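Breakdown of the fold
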Amino acid sequence: MKNLTIPFFYGLLTLLIILPFVGNAQKDLKPKVSIEEIDELYQKWDNLEKPGIALGIVSNGEIVHTKGYGLANLTYNIPVTPNTKFYLGKIANQFIVLGILLLEAEGKLTLDDDIRKHLPEFAHLQTPIAIADLIHHTSGLRDLAITKALGGELESKEMTVQAATQLIARQRQLNNQPSKAFEPNHSGFLLLEKIIAKVSEVAYTDFIQQNILAPLQMTQTVFDDASGKIIKNKAIGYYPNADSYREGSMKPLAMNSTNVYSTVKDICKWEQNFLSATPKVGTVAMFKKMDTPVIVDGVPMPIQNYAMSFGQLQYWDYNGTRKMFNVSMAGGFACKSIRYPEYNLSLIVMGNDGVYNGSTATATSELYVKNYFSRAPGPRKLVEVEGISLPTESLEKFTGDYWEDSGFSKRSIYLQNDTLWYARSNGYNSPIIPISKNRFQMITYVNLFVEFVQRGDQKMMLVEVEGDQTYEYVGYDSEADWTKDLSAYTGQFYCKELNTSYQFMLNNQQLVAKHPNKGTIEFNPILEHSFVGNQPHFNKVTFQVGKEGAIDGMYIFTDSGDQIWFEKVPTASSRRIN
């Protein structure tokens, strides 16, 4: 009975969330929007001395507006137009999903197929991974970008598809049992490309060109499938650099899937087909499936902000409307696609100034969907808190550092002017007001409570966010006795899977690690035998102590769910933990 109840609950929850949106779609309430209203939102890009942005809008099956602002190329003063090509990044993953569904419709594969059936590189895996798991981000495979970084590959090193696949296939132990846990992993889409090529018996790029791009007359969408390939009308990606700009580079990108460049006009054609009652490519049923949530542990992911759809867009409750979106930022390019399926509206913005432009895209969409809002937009108000007075000595006992293990997040509580402050690692600090002797409320835009409790000898901080879960933080002392002598954690640590080593040593009593291609990584102690590093993916390093008190090795934990084992290379002078 339990297995029936859970899917039924989530199915009912999803239905209850969707029904209000469907009801709003019974009548077209979209107003006529003038060019002047749109141009006003894009003033900051309407400058022929700076990088720019392109915009495309589809409403009720028609391309109602396309326009470019600013420059595609600063060196040659080439302006952005609706025909300027920008790097799509993971926005192009929806082409891959449709390609898989087209092959499924032809009976050439099923979503339940074990990937080992099509990819011999993964024959060593003891656990089957379904094609659907790659789409649902539930494969348990490690993200290629993390494997590449921790393996010590130079950031600037370009990789072939075959080399990237082999790097993914080195993984011997999955992060999770397939289908059981959602871990965003876009390198799985590289494997989907290889499956499409294997099953269709043509190159992946040829399959997408012949079966999607050509029928939709998306003639300006191209694949950067050869290093140094000339792409006409391509924008240059830039990043702000003091009062000027510097060119971005595509080389550091991990090859998660084939690089795709396109124009706002072409993506508008894709959206026209997606929202059509009689699509030229695919079927209405396929596109409805692509708009449904991904499946995790047998049930659809509840539709909430940032939840993922099968078609690789994310959900957002925008003032009571269901907005679906995808964002890509890489190499100086910044793109955002937005779709409102219930209101037959889509937008795409493509920029090349290296700065997030999605808020402007959302503001543009508001011009069209504001009549569907079930609650009025406007500035959020800070929560008003009526607190009580506590003596300074009562407040002081709550100060200190706290660690939350599932999200690898550190928080600090400090006292300033008789007020407790809640400090995050990003430097954003908030006062917390006592509402009981050990419970506090934060002055913020949502109801957020902080409660301090004692569990045996362990000081704990419980952070409760309204509408979300409660996060448990463990108090720790970064200057505890075990941190006074860290020499036992030094030495060489080798990972067979990644075929790389890190040399740990002390530098002025601080634990550091060195790698030829990564420089020096600094580690700060948190919980006993555990440290946090100052470079990406070193979210937590935990050393394993053997029976004799010596260090056997260490695990590197990343925020993508990875747990990677490094064995300590034995030496005659290895220290023991006292």
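This write-up is about the structure you can find in this document. (Residues numbered from 1 in each chain as written. Predicted model: local features only at pLDDT ≥ 70, side-chain atom pairs only at ≥ 80, totals over all residues. Heavy atoms only, no water.)

**Concerning the state of the cysteines**
Where we set the bar: Pairs of cysteine sulfur atoms within 2.5 Å are what we label disulfides. For the exposure calls, accessible area comes from a 1.4 Å probe over protein chains only, and a residue counts as buried if that area is under 20% of its type's maximum, exposed if over 50%, partly exposed in between.
Inspection of the entire model under this criterion finds zero disulfides. Note on C268: no disulfide assigned, nearest cysteine sulfur contributed by C335 at a separation of 13 Å. Judged by its relative accessible area of 1%, C268 is buried.

**Examining the packing of helix α6 (residues 161-169) against helix α7 (residues 188-200)**
In plain terms, the rule: Here, axes are lines fitted to C-alpha atoms. For helices the fit covers the stretch in contact, and angles between N-to-C directions go from 0 to 180 degrees. Helix and strand labels come from DSSP, where a helix needs a run of H or I of at least four residues and a strand needs a run of E of at least two; each type is numbered from the N terminus. In what follows, roughly perpendicular refers to angles from 65 to 115 degrees, roughly parallel to angles under 35, roughly antiparallel to angles over 145, and oblique to any angle outside these ranges. Helix crossings are classified by the rotation of the near helix relative to the far one: an anticlockwise turn of less than a right angle makes the crossing left-handed, while a clockwise turn makes it right-handed. Should any heavy atoms of two residues lie within 4.5 Å, those residues are counted as being in contact. Side-chain classes follow a simple rule in which Ala, Val, Leu, Ile, Met, Phe, Trp, Tyr, Cys and Pro form the nonpolar group, Asp, Glu, Lys and Arg form the charged group, and the remainder, Gly included, forms the polar group.
Between α6 and α7, whose axes approach to 10 Å, the crossing angle comes to 120°. As judged from the angle between their axes, α6 and α7 are oblique. Once α6 is placed against α7, the crossing between them reads as left-handed. Contact residues: V161, Q162, A164, T165 and I168 in α6; L190, L191 and K194 in α7. Looking at the contact of α6 with α7 residue by residue, the classes come out as five nonpolar, two polar and one charged.

**Details of the pairing of strand β25 (residues 500-507)**
Basically, it comes down to this: In this scheme, strands are said to pair when DSSP sees at least two bridges between them.
With five bridges joining them, strand β24 (residues 491-495) and β25 adopt antiparallel strand pairing. Following the sheet pairing, C495 is matched in β25 by T500. Adjacent in sequence and paired antiparallel, β24 and β25 are bridged by four residues, among which N499 carries a positive phi angle near 55°. Where β25 meets strand β26 (residues 510-515), five bridges bridge the pair, whose relative direction is antiparallel. In the strand pairing of β26, Q503 is matched with K514. Once β25 ends, the chain turns through two residues before running back antiparallel as β26, passing N508 with a positive phi of about 55°.

**With respect to the pairing of strand β22 (residues 458-465)**
Looking along a regular strand, one sees side chains alternate from face to face of the sheet. Pairing of strand β21 (residues 448-455) with β22, which is carried by eight bridges, proceeds in the antiparallel orientation. Within β22, the residue paired with V453 across the bridge is M460. The hairpin turn running from β21 into β22, its antiparallel successor, is two residues long, and G456 in that turn takes a positive phi close to 65°. Inspection of the sheet shows β22 paired to strand β23 (residues 470-476) by five bridges, in the antiparallel sense. Following the sheet pairing, V463 is matched in β23 by Y471.

**Quick word on the sheet that holds β25**
With antiparallel pairing, the eight strands of this closed barrel are ordered in space as β24-β25-β26-β27-β28-β29-β30-β31. If you compare each strand with its neighbour and ignore which way they point, the axes differ by 30° on average.

**Concerning the packing of aromatic side chains**
Any two aromatic rings considered together are summarised by their centre-to-centre distance and by the angle between their planes. This is how it is decided: Classification of ring pairs rests on two measures: the distance between centres of Phe, Tyr or Trp rings, Trp counted by its six-membered ring, which must be within 6.5 Å, and the angle between planes, read as stacked under 30 degrees, edge-to-face over 60 and tilted in between. Criterion for a charge above a ring: Arg CZ or Lys NZ at most 6 Å from the ring centre, at most 35 degrees from the ring normal.
For the structure on display, the rule yields 35 aromatic pairs. Cluster of aromatic residues (ring-pair linked, three or more members): W482, Y489, F493, Y502, F504, F523, F531, F538, F543 and F566. Cation over ring: K289 sits above F310, and NZ or CZ is 4.6 Å from the ring centre. Here K323 stacks its cationic end above the ring of Y318, 5.3 Å away from the centre of that ring.

**A short note on the side chain of Q535**
The condition that has to hold: Distance and chemistry together define a polar contact, namely a pair of N or O atoms within 3.5 Å, with one atom able to donate a hydrogen and the other to accept it when in protein, and with adjacent residues in sequence counting only for side-chain atoms on both sides.
Position of Q535 among the secondary structure elements: in the loop between β28 (530-533) and β29 (540-545). Of the polar contacts made by the side chain of Q535, one reaches the backbone oxygen of K518; its length is 3.0 Å. Reaching out from Q535, the side chain makes a polar contact with the backbone oxygen of T520 at a distance of 3.3 Å. Once residues lying within four places of it in the same chain are set aside, the contact partners of Q535 are K518, T520 and I521.

**Quick look at helix α9 (residues 264-275)**
An α-helical segment advances 3.6 residues per turn. Residues three or four places apart therefore align on the same side. The cut-off we apply is this: Given a helix with a known number of residues, its expected span is that number minus one, times 1.5 Å.
Helix length check: α9 (12 residues) gives 16 Å between terminal C-alpha atoms against 16 Å at 1.5 Å per residue, within 8%. Within α9, nine of the 12 residues are buried, leaving the element largely enclosed by the surrounding structure. Of the positions making up α9, those classed as buried are V264, D266, I267, C268, W270, E271, N273, F274 and L275.

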